[in-house]
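Summary of structural features
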Amino acid sequence: MFTPVRIHTSAVDVQLRNEDLRIDTYRSGGLGGQHANTTNSAVRITHIPSGMTVSIHDERSQHMNKAKALKGLCAKLYEIERSRFQKDRSKLRMEQIGSGDRFERIQTYNFPQGRVTDHRVGITYHSVNDVMQGENLDVFIDALLL
């Protein structure tokens, strides 16, 4: 019968199990003469959990069509899983590093105007030189602790 197929990379893993597949055979129809009209060589495989269907009727042999259909189904499921993994990874990365927009900044040092703003607590201090020297940091620390 069918053995489980496992596609494995460092990040994506796709497994097909017999109980997750519905395999239908039918007559391919179309060109091909009497052979195409009398044998059930076409194969349709449905992956039940995802609802994805692959149909193949290229070859004269049912076994070859089945192998091609399984390979195509694995490729499609792998691509879906890989894109889902990339999307999750990208989302996690954005949560960790942020977008760098102005609203994500913690502090702004404006040297021409001589001010420091801490955006977490909404405090602006008008002596950037003192803050750079490590003086008067209590203003920010006290506000953060409250």
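See the structure printed just above.
Overview of the structure. (Residues numbered from 1 in each chain as written. Predicted model: local features only at pLDDT ≥ 70, side-chain atom pairs only at ≥ 80, totals over all residues. Heavy atoms only, no water.)

**What about the pattern of salt bridges?**
Defined as follows: For salt bridges, the criterion is a side-chain nitrogen of Lys or Arg within 4 Å of an Asp or Glu carboxyl oxygen. Accessible area is worked out with a 1.4 Å probe on protein chains only. A residue is then buried under 20% of its type maximum, exposed over 50%, and partly exposed in between.
Under the criterion given, the structure shown has nine salt bridges. The salt bridge involving Arg120 is made with Asp118; its shortest N-O contact spans 3.0 Å. A residue is classified by how much of its surface remains accessible, and Asp118, at 0% relative accessible area, is buried. Among the charged side chains, a network of salt bridges with common partners joins Arg17, Glu19 and Asp20.

**Side note on the packing of aromatic side chains**
Applicable threshold: Two rings from Phe, Tyr or Trp (for Trp, the six-membered ring) form a pair when their centres sit within 6.5 Å of each other. Planes less than 30 degrees apart are called stacked, planes more than 60 degrees apart edge-to-face, and all others tilted. A run of H or I in DSSP counts as a helix once it spans at least four residues, and a run of E counts as a strand once it spans at least two, with each numbered from the N terminus.
Applying the stated rule across the entire model yields one aromatic pair. Seen from their ring centres, Tyr125 and Phe140 are 6.3 Å apart, and the 75° between their planes marks the pair as edge-to-face. Of this pair, Tyr125 sits in strand S8 (residues 123-125) while Phe140 sits in helix H4 (residues 138-145), and the two are 15 residues apart along the sequence. For Tyr125, a relative accessible area of 18% corresponds to the buried category. Given a relative accessible area of 4%, Phe140 falls into the buried group.

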